[in-house]
Amino acid sequence: PADEIRRICPGGDRVLGAGAVLRLGGAHHGGYGESDIKYAYRQLSRALHPDKNPNVPEAPDAFRRLSEASEELKVGIEETRRTLQRLCTATGSATTPEML
């Protein structure tokens, strides 16, 4: 876990993107679904929790970044869904559950 913590919080001005953070937890490359985000978050949150890594000073920051990354991707999915619904409404097409 200490290596993953250092990869999530590399130091300096560098910030790992949301997708990259969750790929460390097993989310697949490419598009993400809600289940992928939840799976990766659960995997990493268990391993990176500050209580499980009391000797790693970066652990709280890594855990916070994990939570932020999860939320960023969830918001992105919701924005994409709303955009798709607006496009379908504008073109007179029906929105199906498979599309969302």
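Residues numbered from 1 in each chain as written. Predicted model: local features only at pLDDT ≥ 70, side-chain atom pairs only at ≥ 80, totals over all residues. Heavy atoms only, no water.

With that settled, the discussion passes to the overall build of the protein chain. Assigned secondary structure in the protein chain consists of four helices and zero strands. Ordering the α and β elements of the protein chain from the N terminus gives α-α-α-α. Across the protein chain, contacts joining residues at least 24 apart in sequence account for 51% of those joining residues at least 6 apart. Looking at the protein chain as shown, the accessible area adds up to about 6300 Å², and 52% of this sits on carbon and sulfur atoms. (Helix = DSSP H or I, 4+ residues; strand = E, 2+ residues; numbered from the N terminus. Contact = heavy atoms within 4.5 Å. Areas by Shrake-Rupley, 256 points an atom, 1.4 Å probe, with all protein chains shown as cover.)

Taking 1.5 Å of rise per residue, 33 residues should cover 48 Å, and helix H4 (residues 59-91) covers 48 Å from first to last C-alpha, within 8% of that figure. Every buried residue of H4 is accounted for by Ala59, Ala62, Phe63, Arg65, Leu66, Ala69, Ser70, Leu73, Ile77 and Cys88. In the segment just after H4, Gly92 is the residue with positive phi, at about 80°. (Expected span 1.5 Å × (residues − 1). Buried < 20%, exposed > 50% of the residue type's maximum accessible area, 1.4 Å probe, protein only.)

Residue position: Phe63 is located in helix H4. In this structure, the C-alpha to C-alpha distance between Phe63 and His49, residues 14 residues apart in sequence, is 6.1 Å. Not counting the four nearest positions on each side in its chain, Phe63 is found in contact with Tyr41, Ser45, Leu48, His49 and Pro50.

Now for the side chain of Ser45. You can see Ser45 is positioned in helix H3 (residues 34-48). Of the residues examined, Ser45 reaches a relative accessible area of 13% and is grouped as buried. Residues within four places of Ser45 in sequence aside, it is in contact with Phe63 and Leu66.

Let's shift gears to the confidence of the model for the protein chain. Mean pLDDT for the protein chain: 77, with 66% of residues reaching 70 or above. Taken element by element, the predicted model of the protein chain shows its lowest mean pLDDT in helix H2 (residues 18-23) (67) and its highest in H4 (85). (pLDDT = per-residue confidence, 0-100.)

The subject of this paragraph is the pattern of salt bridges. What the rule picks out here adds up to five salt bridges. Between Glu72 and Arg65 there is a salt bridge, with its nearest N and O atoms 2.7 Å apart. For Glu72, a relative accessible area of 42% translates into the label partly exposed. In this structure, Arg81 engages Glu78 in a salt bridge whose closest nitrogen and oxygen atoms are separated by 3.0 Å. Note that Arg81 and Glu78 are positioned in helix H4 at a spacing of three residues, about one turn of the helix. Among the charged side chains, a salt-bridge network with shared partners connects Glu34, Glu78 and Arg81. (Salt bridge = Lys/Arg side-chain N within 4 Å of Asp/Glu carboxyl O.)

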